[in-house]
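Chain by chain, the residues run as shown.
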Amino acid sequence: MAPRAQSLILDLLSAVGGRPVPVRALVRAAAVFGIEENALRVALARLLSAGKLEQAERGAYGLSSRSRAVQDHVTSWSTLHERVVAWRGGWVAVHVGALGRAQRSAVRRRERALEFLGCAELDPGLWLRPDNLAGGVGATRRALRELGLDGAALVARLEELEPASERRARSLWDGRALERAYHETRRELEQSGARLDALPLEQAVAECFVLGGKAIRQLAFDPLLPEPIVSADARQALVSEMRAYDRAGRRVWRRFMRAEGAPALESVLDFRSVEAT
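Residues numbered from 1 in each chain as written. Predicted model: local features only at pLDDT ≥ 70, side-chain atom pairs only at ≥ 80, totals over all residues. Heavy atoms only, no water.

*Asks:* What is the right way to read the sheet that holds strand β3 (residues 60–63) from this model?
*Replies:* The strands making up a sheet associate through backbone hydrogen bonding, with each pair oriented either parallel or antiparallel. Taken together, the three strands give an open sheet; going across it, the order is β1-β3-β2, and neighbouring strands pair in antiparallel fashion. Two strands in the sheet have a free side with no partner beyond their single neighbour: β1 (21–22) and β2 (53–57). As defined by bridge partners, β1 adjoins β3 across two bridges and the pair is classed as antiparallel. Each bridged residue has a counterpart across the sheet, and for P22 the counterpart in β3 is A60. (Pairing = 2+ DSSP bridges. Helix = DSSP H or I, 4+ residues; strand = E, 2+ residues; numbered from the N terminus.)

*Asks:* What is the right way to read the environment of R176 from this model?
*Replies:* Among the secondary structure elements, R176 is positioned in helix α8 (residues 175–195). Linking R176 and Q218, residues 42 residues apart in sequence, is a C-alpha distance of 15 Å.

*Asks:* Just to check I follow, could you spell out the packing of aromatic side chains for this structure?
*Replies:* Aromatic ring pairs are defined here through the distance separating the ring centres and the angle between the ring planes. Using the criterion set out here, one finds four aromatic pairs in the structure. With centroids separated by 5.1 Å and ring planes inclined at 50°, the aromatic side chains of F33 and F209 adopt a geometry described as tilted. Of this pair, F33 sits in the loop between α2 (23–32) and α3 (37–49) while F209 sits in helix α9 (residues 201–220), and the two are 176 residues apart along the sequence. Summarising the aromatic geometry, the rings of F116 and F221 are spaced 4.6 Å apart at their centres and angled 15° between planes, so their arrangement reads as stacked. Taken together, the positions of F116 in helix α5 (residues 104–116) and F221 in the loop between α9 and α10 (232–258) put the pair 105 residues apart, joining distant regions of the chain. Note on F116: relative accessible area 1%, which makes it buried. Members of the aromatic cluster, connected to one another through ring pairs, are W87, W91 and W173. (Phe/Tyr/Trp six-rings, centres within 6.5 Å; stacked < 30°, edge-to-face > 60°. Buried < 20%, exposed > 50% of the residue type's maximum accessible area, 1.4 Å probe, protein only.)

*Asks:* Hey, could you run me through the pattern of salt bridges in this one?
*Replies:* Opposite charge on two side chains permits pairing when their charged atoms draw close. On inspection of all chains with the given rule, the structure shows 12 salt bridges. Linking E111 and R101 is a salt bridge whose minimum nitrogen-to-oxygen distance equals 3.5 Å. With E111 in helix α5 and R101 in the loop between β4 (91–95) and α5, the pair connects residues that are 10 residues apart, well separated along the chain. Taking relative accessible area as the criterion, E111 reaches 26% and is therefore assigned partly exposed. The exposed category is assigned to R101, whose relative accessible area is 56%. In this structure, the salt-bridge partner of D246 is R250, at a minimum N-O distance of 3.0 Å. Note that D246 and R250 are positioned in helix α10 at a spacing of four residues, about one turn of the helix. (Salt bridge = Lys/Arg side-chain N within 4 Å of Asp/Glu carboxyl O.)

*Asks:* Just to check I follow, could you spell out the packing of α8 against α9 for this structure?
*Replies:* Helix-helix packing: each pair is described by the crossing angle between the helix axes and the interaxial distance. Look at α8 against α9: their axes get within 11 Å of each other, and the N-to-C directions meet at 155°. In terms of their interaxial angle, α8 and α9 are classed as roughly antiparallel. Read as a crossing pair, α8 and α9 show a hand that is left-handed. Contacts from A181, Y182, T185, E188, L189, S192 and R195 in α8 reach E207, L211, K214, A215 and Q218 in α9. Taken together, the residues of the contact of α8 with α9 break down into five nonpolar, three polar and four charged. (Axes fitted to C-alpha atoms, helices over the stretch in contact; angles between N-to-C directions. Parallel < 35°, antiparallel > 145°, perpendicular 65-115°, else oblique. Left-handed = near helix turned anticlockwise from the far one by under 90°. Contact = heavy atoms within 4.5 Å. Nonpolar A, V, L, I, M, F, W, Y, C, P; charged D, E, K, R; others polar.)

*Asks:* Which parts of the structure should I look at to understand the sheet that holds strand β6 (residues 126–130)?
*Replies:* Overall, antiparallel pairing links the four strands, which are arranged β5-β6-β4-β7 in an open sheet. Both outer strands of the open sheet, β5 (120–123) and β7 (154–158), are each paired with one neighbouring strand and no more. Going from strand to strand, the sheet's axes swing by 35° on average, the running direction of each strand aside. Where β4 and β6 come together, five bridges link them in antiparallel fashion. Its bridge partner lying in β6, W91 is registered against P130. Here helix α6 (residues 136–146) sits on the sheet in contact with β4 and β7, set at roughly 155° to β7. Here helix α7 (residues 163–170) sits on the sheet in contact with β4, β5 and β6, set at roughly 155° to β5.

*Asks:* Honestly, the side chain of T185 in this entry has me stumped. Any pointers?
*Replies:* Tracing the chain through its elements places T185 in helix α8. Within the structure, T185 has its side chain in polar contact with the side chain of Q218 (distance 2.6 Å). Leave out the neighbours within four places in its chain, and T185 touches K214, A215, Q218 and L238. (Polar contact = N/O pair within 3.5 Å; in protein donor to acceptor, adjacent residues only side chain to side chain.)

*Asks:* Can you help me understand α6 in this one?
*Replies:* Each turn of an α-helix holds 3.6 residues, which means side chains three or four residues apart point in the same direction. All of the buried residues along α6 are V137, G138, T140 and L144. For α6, the angular spread of buried residues about the axis comes to 165°, placing them on one side. Among the exposed residues of α6, those oriented more than 90 degrees off its buried face are R142 and E146. Against the buried residues of α6 lie β4, α5 and β7. Directly beyond the C-terminal end of α6, a positive phi value near 125° is found at G148. (Arc of directions from axis to C-beta.)

This is the structure in structure tokens:
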């Protein structure tokens, strides 16, 4: 599925590590996906107006500070193993039941932050995740707020749930479906990586952008569940395959971007699922 203009801009600016990208490079990249120059420039104007971009210099743009917390989370996919610790059975609980829902943008930011950190709703207004993230509840609380959770939300540790609630909590995530998705995406990356260098440049650019973006989107929203809910080895195998694919994708994009005087991508990624703020 081809990206929309705003998504493509956010993708590329995220993937160059915060450096400015000339408009001409964005225009050429947009053309690969059938996006016209006028649509690209309209999207740039809207992103600037929304505070998601800043004009770094004449004819070049970069991400604004507002977008960087999400960018940092998305681009941390290669070090997921550093974000988890052994699970001792406790839970991080987030209570948002007392918060307003009238402002749709605030609700979207709140729920996106909860999804980024792998939280699931146990009861109306009460979200949980296993307490297995490095830094414990304090680090989880900070990350949630940086990603858009309301400051008034209660974030606390639950040491123990009654047996029925414990069973319900563990069933909030489908561990088998997650593992199947790890295996399927890993296979797709392996197959694509084997043929990328033989494809015409623009076809290779489009393929690695879409497939690499799919994998990074999957990892960005991975709940980082512990054993025995999900296999950590299956998740890490996908990360390892994505590292190899990322190196291949950067080679392809480096050739493509160099011709337009733009910085090389540090990662291939797709911002589509995280652009709403």
